[in-house]
Amino acid sequence: MTPVAGRSAGSPAPRSADVARVAGVSRKTVSRVLNNEPYVSDEVRQRVLGAAEELGYRLNHAARALASGRNRSIGVVALGTAGYGTAMLLVGIEKAVRDAGYALRVVNTPDGDPEGIAGAVMSLLEQGVDGIVVSEPVVEGEVSVRIDVPVLFLGAPPSFPSARTLTVGVGAHALARAATDHLLDLGHTTVHHLAGPGRWYASTDRIDGWRAALAARGAQEPPVIQGDWSPESGYAAGRALAADSSVTAVFVAGDEMAIGLIHALREAGRRVPEDISVVGFDGNPVFAYVTPPLTTVRQPFDAAAREGIRLLVHAIETPEIELPAASEPPVDLVVRGSTAPPPSHHDQTELRTT
């Protein structure tokens with residue numbers, strides 16, 4: 001094997017201190033250059049990369065960065081919630097990023113964080129990412145950070161400016177409409193809706209799909225009930241709805257809220273689905289094994305993540321070429337035991353058979 005230029009065969013592998021010595025800079029500067037961080041002059045960057053190549057220190061990384069100007073990493077801004085939908089979307093993003101040959105950097109933005117999305121974006125930019133994914137965006141004030149890399153928004157339109165913005169929907173509007181149409185097709189005259197938190201774009205999309213389905217059928221629109229994705233909020237909504245004898249169908253914006261709602265209905269003596277039908281949203285497979293098994297619409301987490309990362313990598317690697325069109329995610333309605341025709345239909349069937 002031919003020894004690497006700058007050191008003899010059998011000599012110890014070079015360290016960052018060796019690169020710093022040859023380039024005449026500090027070890028911190030070496031780290032900044034090799035991690036493609038900002039605030040390093042072009043002249044110093046070239047000296048460090050040249051020293052790294054000469055010594056064979058992280059040669060492939062240095063050569064790649066020198067040739068492309070990229071660090072081959074993608075950052076993700078994710079809300080710090082343990083909900084099934086958010087977690088599964090992040091899993092899909094991680095796999096798509098890895099398959100594309102990039103490293104993943106994740107920053108969570110839990111509710112109540114005063115810096116929120118702006119702070120998360122700043123953190124990722126300081127790490128030298130080549131692109132950013134904003135997963136499950138929420139309504140916030142304008143982000144004033146200067147963003148010079150492409151930004152992908154999953155499930156919502158862009159909420160702040162960047163060098164290039166991309167949007168890939170997860171089909172929430174179409175899924176919500178399919179869930180509502182399913183209940184109307186069963187014969188329910190209208191469908192109530194338990195929504196997610198108002199500041200989530202995902203909640204808005206599901207409300208819009210529900211409203212569109214009702215409007216298309218000329219059905220009355222009941223007031224929206226606000227939840228927070230938790231089973232507890234579903235339980236509270238279920239107690240309120242159980243007291244209204246006119247309620248026969250509910251579309252719930254999240255599976256976990258739907259389970260809480262069903263528990264409250266059954267405690268109040270309202271049978272599911274004989275008295276009230278319930279449809280959830282997300283497609284958590286666990287809820288196929290509750291009583292009754294939950295009818296739901298399954299979100300295309302993997303498909304949305306793959307499509308989004310495909311477009312983001314295209315914007316990173318070939319910014320001069322027009323982006324390909326985004327494909328529409330599929331609609332997957334999973335009908336189980338929590339939905340049925342309304343009680344009036346049951347009563348008419350019983351009268352015909354007696």
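One structure accompanies this document, and this report is about it.

What counts, and at which threshold
- Residues numbered from 1 in each chain as written.
- Predicted model: local features only at pLDDT ≥ 70, side-chain atom pairs only at ≥ 80, totals over all residues.
- Heavy atoms only, no water.
- Pairing = 2+ DSSP bridges.
- Helix = DSSP H or I, 4+ residues; strand = E, 2+ residues; numbered from the N terminus.
- Axes fitted to C-alpha atoms, helices over the stretch in contact; angles between N-to-C directions.
- Contact = heavy atoms within 4.5 Å.
- Salt bridge = Lys/Arg side-chain N within 4 Å of Asp/Glu carboxyl O.
- Buried < 20%, exposed > 50% of the residue type's maximum accessible area, 1.4 Å probe, protein only.
- Phe/Tyr/Trp six-rings, centres within 6.5 Å; stacked < 30°, edge-to-face > 60°.
- Lys NZ or Arg CZ within 6 Å of the ring centre and 35° of its normal.

## Overview of the sheet that holds strand β2 (residues 103–108)
Here is step 1 of the chain: Strand order in the open sheet made by the 5 strands is β2-β1-β3-β4-β5, with parallel pairing throughout. A strand with exactly one partner marks an edge of an open sheet, and here the two such strands are β2 and β5 (164–168). Neighbour to neighbour, the strand axes of the sheet diverge by 20° on average, direction disregarded.
Here is step 2 of the chain: Pairing of strand β1 (residues 73–78) with strand β3 (residues 131–135) involves 5 bridges; the strand directions are parallel. Counted as the bridge partner of Ile74 is Gly131 from β3.
Here is step 3 of the chain: Across the sheet, helix α5 (residues 84–99) touches β1, β2, β3 and β4 (150–154), and the angle it forms with β2 is around 155°.

## Considering the pattern of salt bridges
Here is step 1 of the chain: With the rule as written, the count across this model stands at 11 salt bridges.
Here is step 2 of the chain: For the salt bridge of Asp181 with Arg217, the shortest nitrogen-to-oxygen distance reads 3.4 Å. Highlighted residues: Asp181 in helix α7 (residues 172–185) and Arg217 in helix α8 (residues 201–217), separated in sequence by 36 residues.
Here is step 3 of the chain: Take Asp181: its relative accessible area is 21%, and that puts it in the partly exposed class.
Here is step 4 of the chain: Note that Asp185 is salt-bridged to Arg217, the shortest N-O span being 2.8 Å. With Asp185 in helix α7 and Arg217 in helix α8, this pair connects stretches of sequence that are 32 residues apart.
Here is step 5 of the chain: Residues joined by salt bridges that share partners form a network here, namely Asp181, Asp185 and Arg217.

## Quick word on the packing of aromatic side chains
Here is step 1 of the chain: Scanning all chains against the criterion turns up 3 aromatic pairs.
Here is step 2 of the chain: Ring geometry for Tyr84 against Phe301: centres 6.0 Å apart, planes inclined by 80°, an arrangement best described as edge-to-face. Highlighted residues: Tyr84 in helix α5 and Phe301 in helix α11 (residues 301–317), separated in sequence by 217 residues.
Here is step 3 of the chain: Residue classification places Phe301 among the buried positions, given a relative accessible area of 7%.
Here is step 4 of the chain: Lying across the ring of Tyr102, Arg72 places its NZ or CZ 4.3 Å from the centre.

## Observations concerning the pairing of β3
Here is step 1 of the chain: Burial analysis of β3 places 5 of its 5 residues in the buried class, which makes it a mostly covered element.
Here is step 2 of the chain: Neither face of β3 is exposed, since Gly131, Val133 and Ser135 on one face and Ile132 and Val134 on the opposite face are all buried.
Here is step 3 of the chain: By the bridge criterion, 4 bridges tie β3 to β4 in an arrangement that is parallel. The partner of Val134 across the bridge, within β4, is Phe153.

## Overview of the environment of Val40
Here is step 1 of the chain: Locating Val40 in the fold gives a position in the loop between α2 (27–34) and α3 (42–55).
Here is step 2 of the chain: The buried category is assigned to Val40, whose relative accessible area is 15%.
Here is step 3 of the chain: In this structure the C-alpha to C-alpha distance between Val40 and Val30, which are 10 residues apart in sequence, comes to 9.8 Å.
Here is step 4 of the chain: Excluding residues that lie within four positions of it along the chain, Val40 makes contacts with Arg32, Val33 and Arg45.

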